[in-house]
Amino acid sequence: MSPIATNDATSSSETTSVPAKGLLHFEHVAPSKQQDLPFADLKTVDMGSFHDGPEAQAKIAEEIRQAMHEQGFFTLINHGFTQEEVARQMDIGYTVLQRTPLEEKQKLRARMQEDGCYKGFKLRQYYEMENGVKDKIEQFNWFRDMKSQEFPSTIQPYLDEVKEFSARVHNDVFLNLMRHMAYYDEHTKEDESKVKGVWLKGHQDFGTLTLLFSQPMCSLQVRDEQGKWAFVRHTPGAIIVNCGVFMEWYTGGYFKAANHRVAAPPDDQRNHTRMGVFYFAVPNDDDKASNRGPNTLMDSPVLQQAGVTPTFESPEKSVTSKVYSQARIANVGKSELYKRQWGDGERVVEVLAGVEVPWYG
């Protein structure tokens, strides 16, 4: 599935010079010049030498193993996509979110709470956070095969190239779900104070891997084991990769599901939209969160050497991808726990589909 998302308090000024028809151009905010920002020290994996033979590939594999085991996050460079190709997808996503009429968005809205499914538009003010504050995030999500849903009129002229881009990401980098997403800097000062500057609360993604094409707004944050949050540094042209819950389960906890959130940017990046192109890898519906039986990873020499034990005692005691993802999607932004205020560095737990789901303050 592919998502498009944006946050924007200045969308009118960003599009005034654009014709009423055609593709809008999205202008990213300039990189922050603030000197005292805390940045996470993420590993960088360079795919440029992948075709140089087994030795080079083994080195890349080891770098990925370290990153996924120690942090669950890393930066991928020289992955085969040009900055121009990614910018084109940003423009398409921005056009879809800005130009699709509200009536059409409502018709094609994702039935998140009813069906536990992201497919379609997620509109602003859906997530209910603490003190009555609602989110300013908008998305359009689709599945990779692009056959199981209706698409908005605004994406129709670009559908073939979006499909080709999605296929390349899946085949060249490996993923299943795509999204265009925008974070709009529209909270009042009072509301932002109520949520302590957090735009999307701390969580772990429910799939196996998430790919985010890097963008310059300092907003994505990762949480370390001490409960401290730090920004993910922008690397032009890079892909930010993070590990999801299912991958952690598949590896018996050897790979770490990354704890992350989205926060308000520094002062010199305020009043701009954060636009993103994401790709989410989600297991097939009937796949179970078990590392025994079919598709097992427990035979891996790396896991055996590390002494890893299965997350679940048996496949029967685990949960399928469909059941777990539906429970997560249906409850995010709607449960009473999500609406509560979490303390700084606090870890809270919610039981969904019989599984403990952690959230992070």
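Residues numbered from 1 in each chain as written. Predicted model: local features only at pLDDT ≥ 70, side-chain atom pairs only at ≥ 80, totals over all residues. Heavy atoms only, no water.

## Thoughts on the side chain of R261
In this structure, R261 sits in strand β12 (residues 260-263). Comment: no salt bridge for buried R261; closest opposite-charge side chain is D344, at 5.9 Å. Looking at R261, its side chain comes within polar contact range of the side chain of Q221, at 2.7 Å. Apart from the residues within four sequence positions on either side, R261 is in contact with V198, L200, K201, G202, S219, L220, Q221, W229 and G361. (Helix = DSSP H or I, 4+ residues; strand = E, 2+ residues; numbered from the N terminus. Buried < 20%, exposed > 50% of the residue type's maximum accessible area, 1.4 Å probe, protein only. Lys, Arg positive; Asp, Glu negative; His and termini not counted. Salt bridge = Lys/Arg side-chain N within 4 Å of Asp/Glu carboxyl O. Polar contact = N/O pair within 3.5 Å; in protein donor to acceptor, adjacent residues only side chain to side chain. Contact = heavy atoms within 4.5 Å.)

## Details of the confidence of the model for the chain
For the chain, the mean per-residue pLDDT works out to 89, and 91% of the residues sit at or above 70. Segment residues 1-20 is flagged for pLDDT under 50; beyond a separation of four residues in sequence, or across chains, it makes 111 contacts in the model. (pLDDT = per-residue confidence, 0-100.)

## A short note on the pairing of strand β14 (residues 347-352)
With burial as the criterion, only one face of β14 is covered, namely that bearing V348, E350 and L352; the residues R347, V349 and V351 on the opposite face remain uncovered. Here β14 pairs with strand β15 (residues 355-360) via 6 bridges, running antiparallel. Paired with L352 across the strands is V355, a residue of β15. Here β14 folds back onto β15, and the loop between the two strands holds 2 residues, one of which, A353, carries a positive phi near 55°. (Pairing = 2+ DSSP bridges.)

## Some thoughts on the environment of E350
Tracing the chain through its elements places E350 in strand β14. Sequence separation between E350 and S335 is 15 residues; the distance between their C-alpha atoms is 9.2 Å. If we skip the residues at most four places from it in the chain, E350 touches N331, S335, L337, V355, E356, V357 and W359. There is a polar contact of 2.9 Å between the side chain of E350 and the side chain of S335. Of the polar contacts made by the side chain of E350, one reaches the side chain of W359; its length is 3.0 Å.

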